[in-house]
Each structure stands twice: as C-alpha cells, then as structure tokens.
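What follows is the residue order along each chain.
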Amino acid sequence: EYPERKFISIILTQECETDFNRAIFQLSHEIVHALCPTPGYHANVLEEGVATYFSYQMSEKFGNSMKAGAKQYIEAEKYAKQLLAIKPDIIKEARKVCSDISSISHTELETLCPNVGESLLDTLLMPFAEFSKKYE
C-alpha cells in the first residue's frame, strides 16, 4: 500500500527505558499494529482488542501481570476475546482475506465467522477512536 516506505518505527514511553515489564507490554501491543503499518490512526476495536490481548499474553509469558490502564483498551480486549472464543484462528484467516484487520469489511468477517452475532460484529468493526469516546 505504501511502497515508498520501507521502514517502521515503534515508539515506547520513556518509562520503558527502566521498566522491563512495561516495555514488554507496550512493545507486544505495538507489534500487532506493525503487522500492517499504515500512516495515521485508523485502528478498529478488533485490532486494538487483539493488540491488548497479545500484550497480556506476552506479559504473562515474561512473568509480569501488567494490564491496560485505560478502560477502552480493557473493553476492546474483552470484545476481541469473545470473537477468539468463537473462532481461535480468526485473525490468521482474516489476514488472508484482508491483510489489515482494521480494514476488514463486515461481510468478510461475517463470512469467516458466521456464528458471531451482529452486535459483536458491529462493535469489533467500529473505529477505535469512536469507541473510545464512550470512556472519556
């Protein structure tokens, strides 16, 4: 999509310089976004939820229990887990159809996971910026 750009950067907060647990948490979250880097802020609830879920998994793997502090990330992770409970490999399958999971369509996701309810589907595909407004 952006052939002239061949590099990505992940910027962590300054606290990560001295806090290994925080660094693992933040880096594992951001690496999900790096799967399909695009300029600007356009993630949907699904991508942010999966990123948060992955950061929890990696934190546990490295023996820490760091969790997201902001309510919108906690809630996005809950919605992503609901989808993963229905179909654990959904993200791998979705990326075969649409490499950027924040750009996957309603029809594409519903086709891949027909058991997902409309309410969950609508929430997962909502822009995260819009979803976050409920928690401000």
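Scroll up to find the structure this text is about.
Note that the structure is predicted; figures quoted are calculated from it, not measured.

Engineer: Just checking my understanding: could you explain the nonpolar core for this structure?
Structural biologist: Soluble, globular proteins show a tendency: their nonpolar side chains are buried together. With 21 residues, the main nonpolar core has Leu46, Leu83, Ile90, Ile91, Ile104 and Leu109 as its most contacted residues. Those elements giving two or more residues to this core turn out to be α2 (45–61), α3 (71–86), α4 (90–97), α5 (106–112) and α6 (118–124). For isoleucine 90, the residues in contact, after removing those within four places along its chain, are Leu83, Leu84, Leu109, Leu112 and Cys113. By size, the runner-up hydrophobic cluster in this structure holds five residues, among which are Val45, Met126, Phe128 and Phe131.

Engineer: Could you clarify how one ought to interpret the packing of aromatic side chains in this entry?
Structural biologist: Each pair of aromatic rings is reported with the distance of its centres and the angle of its planes. Under the criterion given, the structure shown has six aromatic pairs. Judged by centre distance (4.9 Å) and plane angle (50°), the rings of tyrosine 73 and phenylalanine 128 are tilted. Of the two residues, tyrosine 73 is situated in helix α3 and phenylalanine 128 in helix α7 (residues 128–132); the sequence distance between them amounts to 55 residues. An aromatic cluster is defined as three or more aromatic residues linked by ring pairs; in this entry it consists of Tyr73, Tyr79, Phe128, Phe131 and Tyr135. Seen from the ring of tyrosine 56, lysine 67 lies directly overhead, with NZ or CZ sitting 4.2 Å from the centre.

Rules used throughout
- Residue positions within a chain follow its written sequence, with the count starting from 1.
- The predicted origin of the model limits local features to residues at a pLDDT of at least 70 and limits the giving and counting of side-chain atom pairs to 80 or more, whereas totals for whole chains, interfaces and linings rest on all residues.
- Just so you know, side-chain values use all the structure's heavy atoms and leave hydrogens and water out.
- The nonpolar core is taken to be a set of buried Ala, Val, Leu, Ile, Met, Phe, Trp, Tyr and Cys residues, with the residues joined through side-chain atoms within 4.5 Å.
- Per-residue accessibility, obtained with a 1.4 Å probe over protein chains only, is compared with the maximum for each type, and a residue is labelled buried under 20%, exposed over 50%, and partly exposed between these values.
- Numbering goes from the N terminus for both helices and strands, where a helix is a DSSP run of H or I of at least four residues and a strand is a run of E of at least two.
- Whether two residues are in contact is decided by their heavy atoms, any of which lying within 4.5 Å being enough.
- Stacked, tilted and edge-to-face are the three classes assigned to paired rings of Phe, Tyr and Trp, where Trp is represented by its six-membered ring and a pair needs centres within 6.5 Å; plane angles under 30 degrees give stacked, over 60 edge-to-face, the rest tilted.
- Note on geometry: a ring has a charge over it if NZ (lysine) or CZ (arginine) is within 6 Å of the ring centre and within 35 degrees of the ring normal.

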